[in-house]
Amino acid sequence: MNINNKHYTTIWLNENDEVQIIDQTTLPFSFNILTLSHLTDVCHAISSMQVRGAGLIGVTAGYGVYIAAKDFSKQNKLSWLDFMEKACTKIYQTRPTAKNLSYALERQSKIWKKYSFEEALPLLREQALQIAQEDIDFCKKIGEHGKELIANIAKKKNGQPVNILTHCNAGWLAFTDYGSALSPVYAAFDENIPVHVFVDETRPRNQGASLTAFELGEHNVPHTLIADNVGGHLMQHNMIDLVIVGADRVTRNGDVANKIGTYLKALAAYDNNIPFYVAFPSSTFDFSISDGVKEIVIEERSGNETENITGYFYNKNGQKQIQEIRICPEKTKAINFAFDVTPQKYITGLITERGICNATEKAILALFPEANQ
Ligand code: MRU
């Protein structure tokens, strides 16, 4: 991904072996890089959404285990195993819905449970880098597979842009690079296939307005911001050819947890015969569950996020200033579920690094047979 024509990933290790991230809480108003040096920094970055998006949460957790392990020698209260158990529990408790977080913790735990501190440290570092690289590689492949869907629609439209609706942010900011739902869009755009993206603003935190619009703009992809309730109307008037969204957790039979509001978009797409695809890397699968509505834990965040809205204005000195303002009466309290579940019957297909499949257990297991082992 490029920001101001400079290449970035969303997370990296610097020359001092510290984790650096792009602070997503200040985008698109200002671009800031933060350093995560200790476990507390990592947990705060995930829970306050300085890093966010399923893939990036997982990669941050992978690095977080390494960062936590480095501090082991500075304390003498706990054994290595107890120290790491405590650190990983803290990371695990930051956000519950994205499967990628526990995926990364489980991978790292195979190392710290087996090796001593001295042996484990370089291995934890290596595996954190590997989890990040896999995230990049898988997202790139998702782009290649998903691009074919867009190319097929483009052929039928004789050079007219393919109109794609997306919800929330499942672009490079939600991963280490490329993204999931937006990766096919970038791949198509880079091959001169005409595309245009309708971006749901995605209340309450506005990841669509602030992050998806920002990254599409940086890549020069034509896009239009819409309020969350507009999509159904556009679908009824043939203004959407394809919906692609990301995922935070996908069950073995293809139910999908994604940002709140995704379910309503899927219902509208189903009613209007518009293909509805979900793009995600395999680290988002939770093969241990089948009924998404009953079994996926949905994160509930502070009502403040709904009662208030954040934006910027130009102050007297002509400088951009970020401000949060309240949009409802003082006495009114909001409830804020961050995700919802779209049952598999509303999903046309799943775009993964191994290819595209139906949202059914049979099709998923044909692509990922190891889920049965
Ligand atoms: O709460 P967030 O911003 O971490 O939400 C995650 C998301 O960005 C979306 O649900 C996304 O579509 C899936 S994550 C790639």
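Basis of the calculations
Residues numbered from 1 in each chain as written. Predicted model: local features only at pLDDT ≥ 70, side-chain atom pairs only at ≥ 80, totals over all residues. Heavy atoms only, no water. Pairing = 2+ DSSP bridges. Helix = DSSP H or I, 4+ residues; strand = E, 2+ residues; numbered from the N terminus. Right-handed = clockwise from strand over helix to strand, strands pointing away. Core = buried A, V, L, I, M, F, W, Y, C linked by side-chain atoms within 4.5 Å. Buried < 20%, exposed > 50% of the residue type's maximum accessible area, 1.4 Å probe, protein only. Contact = heavy atoms within 4.5 Å. Near = heavy atom within 4 Å. Polar contact = N/O pair within 3.5 Å; in protein donor to acceptor, adjacent residues only side chain to side chain. Areas by Shrake-Rupley, 256 points an atom, 1.4 Å probe, with all protein chains shown as cover. 1 Å grid on protein atoms, 1.4 Å probe; cavity = no way out; pocket = protein on both sides within 12 Å on 5 of 7 lines; lining within 4 Å. Sits in = over half its atoms within 2 Å of the grid points. Nonpolar A, V, L, I, M, F, W, Y, C, P; charged D, E, K, R; others polar. Points joined across faces, edges and corners; volume = space filled by probe spheres on them.

Visitor: I'm lost on the pairing of strand 8 (residues 223-226) in this one. Help?
Guide: For a regular strand, side chains alternate in direction, first toward one face of the sheet and then toward the other. In terms of strand pairing, strand 7 (residues 195-200) meets strand 8 through four bridges, oriented parallel. Pairing of Val-197 across the sheet is with His-223, part of strand 8. What joins strand 7 to strand 8 is helix 7 (residues 207-218), and the crossover it makes is right-handed.

Visitor: I keep staring at the nonpolar core and nothing clicks. Help me out?
Guide: A general tendency of soluble globular proteins is for nonpolar side chains to be buried together. In this structure, Val-19, Tyr-63, Val-65, Trp-80, Met-84, Ile-91 and Leu-124 are the most contacted members of the largest nonpolar core, which totals 42 residues. If you list the elements that add at least two residues to this core, you get strand 3 (11-13), strand 4 (19-22), helix 1 (39-47), helix 2 (54-70), helix 3 (80-92), helix 4 (99-112) and helix 5 (117-156). In terms of residue count, helix 2 provides more of this core than any other element does, eleven residues in total. Setting aside residues no more than four positions away along its own chain, Tyr-63 makes contact with Ile-11, Trp-12, Leu-13, Val-19, Ala-128, Leu-129 and Ala-132. Counting 34 residues, the second-largest nonpolar core is a separate cluster that includes Met-1, Ile-3, Ile-142 and Leu-211.

Visitor: Can you help me understand the site of the ligand in this one?
Guide: Around the ligand, the structure places 17 residues, and the nearest of them are Arg-52, Arg-95, Asp-248, Asn-258 and Lys-259. One of the side-chain nitrogen or oxygen atoms of Arg-95 is found 2.7 Å away from an oxygen atom of the ligand. Between the ligand and Asp-248, the relevant distance is 2.6 Å, taken from an oxygen atom to a side-chain nitrogen or oxygen of the residue. Notes on the ligand: free accessible area 400 Å², of which the protein chains cover 100%. Here the ligand is seated within the largest cavity. Looking at the shell around the ligand residue by residue, the classes come out as eight nonpolar, five polar and four charged.

Visitor: Hey, could you run me through the side chain of Asn-308 in this one?
Guide: In this fold, Asn-308 is placed in strand 15 (residues 308-314). For Asn-308, the side chain forms a polar contact with the main-chain oxygen of Asn-304, separated by 2.9 Å. If sequence neighbours within four positions are ignored, Asn-308 has contacts with Arg-203, Glu-324, Ile-325, Arg-326 and Ile-327.

Visitor: Please explain empty space enclosed by the protein as it appears in this structure.
Guide: Inspection of the entire model under this criterion finds three cavities of 30 Å³ or more. As a volume, the largest cavity reaches approximately 150 Å³. Residue lining of the largest cavity: 20 residues in total, with Arg-52, Gly-53, Ala-54, Asn-169 and Asp-248 positioned closest to the centre. Residue assignment for the lining of the largest cavity shows that the elements contributing at least two residues are helix 2 and strand 11 (256-259). As a volume, the second largest cavity reaches approximately 110 Å³. Of all elements in the fold, only helix 2, helix 4 and helix 5 reach the threshold of two or more residues within the lining of the second largest cavity. Partitioning the lining of the second largest cavity into residue classes produces six nonpolar, four polar and three charged.

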